[in-house]
Amino acid sequence: MKPLAHRTTLLACAVLALGLLACGPLPIPPANAQYCVYDVGGLDVSEGAFRPVHLNSLGAVAWSSGGRVFLYRGSASVDIGDLGAHRTIANAINSSNVIVGRSFSSGKWRAFRWSGGPMTDLGGDDDQEATGINDSGAIVGIQTPPNPTNDPLHAPFGVRYAGGTALRLPDFNSIPPRPHPTAFAVNNNQSVIGSLNNVSEPNAVFWPDFNNPWTPITGLPGWIALQPTALNDAAHVVGYGGGHALLSVDRAQHPTIIGSLGGDPVTAYAINNYDWIVGDSQIIPGVGSLTPSAFIYDGTQMFDLNKKLANPTTWQLQRAYSINDRGQIAGVGTVTDQFGNNGMHAFILEPRQVAALPCDGHSRYWGG
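These numbers come from a predicted model, not from an experiment. (Residues numbered from 1 in each chain as written. Predicted model: local features only at pLDDT ≥ 70, side-chain atom pairs only at ≥ 80, totals over all residues. Heavy atoms only, no water.)

Novice: Explain the overall build of the protein to me, and be specific about the residues and the numbers.
Specialist: A count of helical and extended segments in the protein gives one helix and 28 strands. For the protein, buried positions account for 52% of its 368 residues. Sequence separation of 24 or more characterises 47% of the internal contacts of the protein that already satisfy a separation of 6 or more. Of the roughly 15900 Å² that the protein leaves accessible, carbon and sulfur atoms contribute 54%. (Helix = DSSP H or I, 4+ residues; strand = E, 2+ residues; numbered from the N terminus. Buried < 20%, exposed > 50% of the residue type's maximum accessible area, 1.4 Å probe, protein only. Contact = heavy atoms within 4.5 Å. Areas by Shrake-Rupley, 256 points an atom, 1.4 Å probe, with all protein chains shown as cover.)

As structure tokens, this is what we get:
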């Protein structure tokens with residue numbers, strides 16, 4: 001049986017096909033796809049972006065390199081600017097090409113929103129970082145107060161940005177030390193994932209509908225917590241823990257270990273509404289220091305994306321960070337140029353049926 005999110009999307013496409021086909025063509029299943037790889041740009045990750053590449057539903061990529069953020073749409077990138085100090089990192093992009101993240105200004109990190117004009121400071125005290133935005137424009141993030149004594153009562157906490165200020169999200173409960181949930185991502189149903197940073201383990205938590213209490217997301221047996229990285233519109237959550245990539249579809253039950261490409265650790269970074277998951281995996285058992293390979297998991301099987309490339313390349317795809325409902329994938333890897341130089345670059349993968357090859361000159365951007 002197909003996952004619920006998959007069935008819902010198929011139904012939405014069928015209904016919308018009677019009018020405007022707003023959801024686009026159905027994607028090619030990973031088992032049947034070959035992927036054309038396109039170079040988004042060279043990466044300098046010295047600024048420390050955990051996930052330097054993000055993809056939206058239209059095929060636009062927000063990517064961070066050397067303290068700058070760029071928007072890529074099919075063939076070229078533009079620099080989106082900063083808040084004054086030339087140090088900016090993107091954390092998310094929605095279907096309107098609105099980008100959010102953090103930018104340094106006046107001695108602090110500030111949460112920003114960019115929608116095509118000057119970058120906007122989202123407000124709030126202390127250090128701020130916008131971590132997620134949904135397609136209706138709701139933005140969540142993390143506020144980090146000064147904490148020179150490492151007091152758990154002053155740990156970072158989750159916020160929602162609205163009206164030029166940062167609104168603190170509710171505490172997990174009222175029992176001391178009143179754990180403060182952070183906020184990593186928000187889906188199109190206004191549900192948020194985060195973790196509790198002022199407890200002994202970074203326990204994953206879920207906040208539904210910008211309302212109701214937070215609920216815990218069960219980890220693996222043996223008190224191995226799930227560290228969440230993304231959720232889809234069905235509130236299926238992916239992340240990692242204990243060296244495994246994990247999928248949680250029922251927060252009260254242990255998550256599913258989705259497998260590996262042969263080694264560990266394995267990390268899941270993103271999930272689309274078909275429950276397809278992307279991330280990275282080691283390929284040799286017991287050796288965790290080698291270059292990982294980017295993967296896609298279709299609910300049954302995990303595929304090494306390096307083995308599914310359609311166009312001859314010198315790429316080594318290392319980490320897949322984002323996937324949309326069209327089946328496009330964005331991530332990072334190394335590529336060797338004509339002079340034999342090997343460098344880290346951002347990429348976007350375009351799925352193709354074998355019969356539809358060869359690859360086009362650039363990736364598809366569906367925003368006009």
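Novice: Explain the pairing of strand S24 (residues 293–297) to me, using residue names and the numbers behind them.
Specialist: When a strand is regular, its side chains alternate between the sheet's two faces. Judged by how many residues are buried, S24 sits mostly within the fold: five of five residues are covered. Every second residue of S24 is oriented toward a common face, with Ser293, Phe295 and Tyr297 on one face and Ala294 and Ile296 on the other, all of them buried. Pairing between strand S23 (residues 277–281) and S24: five bridges, direction antiparallel. Residue pairing across strands places Asp280 opposite Ala294, the latter belonging to S24. Where S24 lies against strand S25 (residues 302–304), three bridges are found, and the strand directions are antiparallel. (Pairing = 2+ DSSP bridges.)

Novice: Provide a residue-level description of the sheet that holds strand S26 (residues 316–323), including the pertinent values.
Specialist: Taken in spatial order, the four strands line up as S1-S28-S27-S26 in an open sheet, and their pairing is antiparallel. A single partner strand is all that each edge strand has here, and the edge strands are strand S1 (33–42) and S26. Direction aside, neighbouring strands of the sheet carry axes that sit 35 degrees apart on average. Bridge count for S1 against strand S28 (residues 342–353) is nine bridges, and the pairing is antiparallel. Counted as the bridge partner of Gly42 is His345 from S28. (Axes fitted to C-alpha atoms, helices over the stretch in contact; angles between N-to-C directions.)

Novice: Can you tell me about the sheet that holds strand S2 (residues 53–55), naming the residues and giving the values?
Specialist: Ordered in space as S2-S3-S4-S5, the four strands form an open sheet in which the pairing is antiparallel. Whereas interior strands pair on both sides, the edge strands pair on one side only; in this sheet they are S2 and strand S5 (77–79). Adjacent strand axes in the sheet meet at a mean angle of 25 degrees when their direction is disregarded. Where S2 and strand S3 (residues 61–65) come together, three bridges link them in antiparallel fashion. Paired with Val53 across the two strands is Trp63, which belongs to S3.

Novice: If you had to explain the environment of Arg364 to someone new, which residues and values would you point to?
Specialist: Along the chain, the position of Arg364 falls in the segment after S28. The exposure class assigned to Arg364 is partly exposed, which follows from its relative accessible area of 37%. In the structure, Arg364 is positioned 15 residues away from Leu349 in sequence and 9.7 Å away in space, judged by C-alpha atoms. Not counting residues within four places of it along the chain, the set of residues in contact with Arg364 comprises Leu58, Gly59, Gln328, Glu350 and Arg352.

Novice: Give a detailed account of the packing of aromatic side chains, specifying residues and quantitative values.
Specialist: In the structure shown here, the tally under the stated rule is seven aromatic pairs. Plain terms: the ring middles of Trp207 and Phe210 are 5.6 Å apart, the flat faces sit at 40 degrees to each other, and that makes the pair tilted. Neither residue differs from the other here; Trp207 and Phe210 are each classed as buried. With 5.8 Å between their ring centres and 80 degrees between their planes, Trp315 and Phe347 make a pair best called edge-to-face. In this pair, Trp315 sits in the loop between S25 and S26 while Phe347 sits in strand S28, placing the two residues 32 residues apart along the sequence. (Phe/Tyr/Trp six-rings, centres within 6.5 Å; stacked < 30°, edge-to-face > 60°.)

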